[in-house]
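Read off the chains here:
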Amino acid sequence: MSQSAAQQYQLPPLPYDFGALEPFISGEIMKLHYDKHHQTYVNNLNKAIEQYNEAQHKQDLPKMASLLSAIKFNGGGHINHSIFWTNLSPQNKEGGKPPEGTLAQAIKKDFGSLEHLIDQLTTQAVAVQGSGWGWLGYDKAHQRLVLSTCDNQDPLIAKGLVPLLGIDVWEHSYYLQYKNVRADYVKAIWNVVNWKNVSERFEKASTAT
């Protein structure tokens, strides 16, 4: 019992050219990050799901259990990167332009100011041990914005939070340009954050029943 081609996960279209985020993120990094790393997560996810389906068909529970970590890791990588690409935008297409409307109001309520949010999320993202992500998420239960970090490719939804804005702090997302100085990369990325996309995610999360 294998996945059909229609059921397999695929890379989402990149909404801009590889070099569109320069000088903040180089085209070389973007091409490697998207074509190689994200594609590998997708390939491995499809492979793990196909193997899982085969094991399920055979009622091979030990094999099914052994594949769950691969599905979580590669599935998380696919989920996180699919959000990440849309969270960024070239400066000539409003990348870095501060949020407006209800998101701006929520940021002021929950963090005091956009500057405070940026400072806090920057600090948390830079401090991630090893590989992982820094996130701005929405807590539906308490109807507020929250900051969080996730190890490796763990998806934020596993913590019960809706992902709004993610900062990838795996070395492959910055090493070619920023070497081992993660802080410089995280500070630079704010220049190309697509707050319009973050606002749309916030509106959907905060109004969903």
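My aim in this report is to walk through the structure given alongside it, one point at a time. All of these numbers come straight from a predicted model, not from anything done at the bench.

A tally of regular secondary structure across the chain gives seven helices and three strands. Along the chain, helices and strands appear, N-terminal first, in the series α-α-α-α-β-β-β-α-α-α. Relative to a compact globule of 209 residues, whose C-alpha radius of gyration would be 17 Å, the chain shows 18 Å and is just as compact. Oriented by its inertia axes, the alpha-carbon framework of the chain measures out at about 55 × 40 × 30 Å. Of all 209 residues assigned to the chain, the portion counted as buried reaches 46%. Pairs at least 24 apart in sequence give 70% of the contacts found in the chain among residues at least 6 apart. When the accessible surface of the chain is split by element, carbon and sulfur atoms take 51% of a total near 10,800 Å².

Both strand 1 (residues 132–139) and strand 2 (residues 144–151) contribute to a ladder of eight bridges, which runs antiparallel. Note on strand 2: the bridge partner recorded for aspartate 139 is arginine 144. A loop of four residues connects strand 1 with strand 2, the two strands running antiparallel in sequence, and glutamine 143 in this loop sits at a positive phi of about 50°.

Our next topic: the packing of aromatic side chains. Across all of its chains, the model carries eleven aromatic pairs by this definition. When the centroid spacing of 5.6 Å and the interplanar angle of 85° are considered together, the rings of tyrosine 138 and phenylalanine 202 count as edge-to-face. Separated by 64 residues along the polypeptide, tyrosine 138 in strand 1 and phenylalanine 202 in helix 7 (residues 195–207) bring together distant segments of the chain. The exposure class assigned to tyrosine 138 is buried, which follows from its relative accessible area of 5%. Take phenylalanine 202: its relative accessible area is 8%, and that puts it in the buried class.

To continue, consider the packing of helix 1 (residues 27–57) against helix 2 (residues 61–86). In contact at an axis separation of 8 Å, helix 1 and helix 2 are set at 150° when each is read in the N-to-C sense. Taken as a pair, helix 1 and helix 2 cross one another with a handedness that is left-handed. Broken down by class, the residue content of the contact of helix 1 with helix 2 amounts to 17 nonpolar, twelve polar and one charged.

What follows covers the environment of valine 162. Among the structural elements, valine 162 can be located in strand 3 (residues 162–168). In sequence terms valine 162 and tryptophan 135 are 27 residues apart; their C-alpha atoms lie 9.7 Å from each other. Sequence-distant contacts of valine 162, that is, excluding residues within four places in its chain, are made with Leu136, Gly137, Tyr138, Lys140, Leu156 and Ala205.

For the structure on display, the rule yields five salt bridges. Measuring nitrogen to oxygen at the nearest pair gives 2.8 Å for the salt bridge that ties lysine 31 to aspartate 35. Of this pair, lysine 31 and aspartate 35 both sit in helix 1, four residues apart, which is roughly one turn of the helix. The salt bridge partner of glutamate 100 is lysine 97, with a shortest N-O separation of 4.0 Å. By relative accessible area, which is 38% here, lysine 97 ends up partly exposed.

Turning next to helix 6 (residues 182–189). When we look at burial in helix 6, the residues that qualify are Arg182, Tyr185, Val186, Ala188 and Ile189. Down the axis, helix 6 shows its buried residues gathered within 165° of arc, on one side only. Structurally, helix 6 contributes buried residues whose contacts are with helix 2, helix 4 (114–126), strand 3 and helix 5 (175–178).

About the thresholds
- Residues numbered from 1 in each chain as written.
- Predicted model: local features only at pLDDT ≥ 70, side-chain atom pairs only at ≥ 80, totals over all residues.
- Heavy atoms only, no water.
- Helix = DSSP H or I, 4+ residues; strand = E, 2+ residues; numbered from the N terminus.
- Rg over C-alpha atoms; globule rule 2.2 N^0.38 Å.
- Buried < 20%, exposed > 50% of the residue type's maximum accessible area, 1.4 Å probe, protein only.
- Contact = heavy atoms within 4.5 Å.
- Areas by Shrake-Rupley, 256 points an atom, 1.4 Å probe, with all protein chains shown as cover.
- Pairing = 2+ DSSP bridges.
- Phe/Tyr/Trp six-rings, centres within 6.5 Å; stacked < 30°, edge-to-face > 60°.
- Axes fitted to C-alpha atoms, helices over the stretch in contact; angles between N-to-C directions.
- Left-handed = near helix turned anticlockwise from the far one by under 90°.
- Nonpolar A, V, L, I, M, F, W, Y, C, P; charged D, E, K, R; others polar.
- Salt bridge = Lys/Arg side-chain N within 4 Å of Asp/Glu carboxyl O.
- Arc of directions from axis to C-beta.

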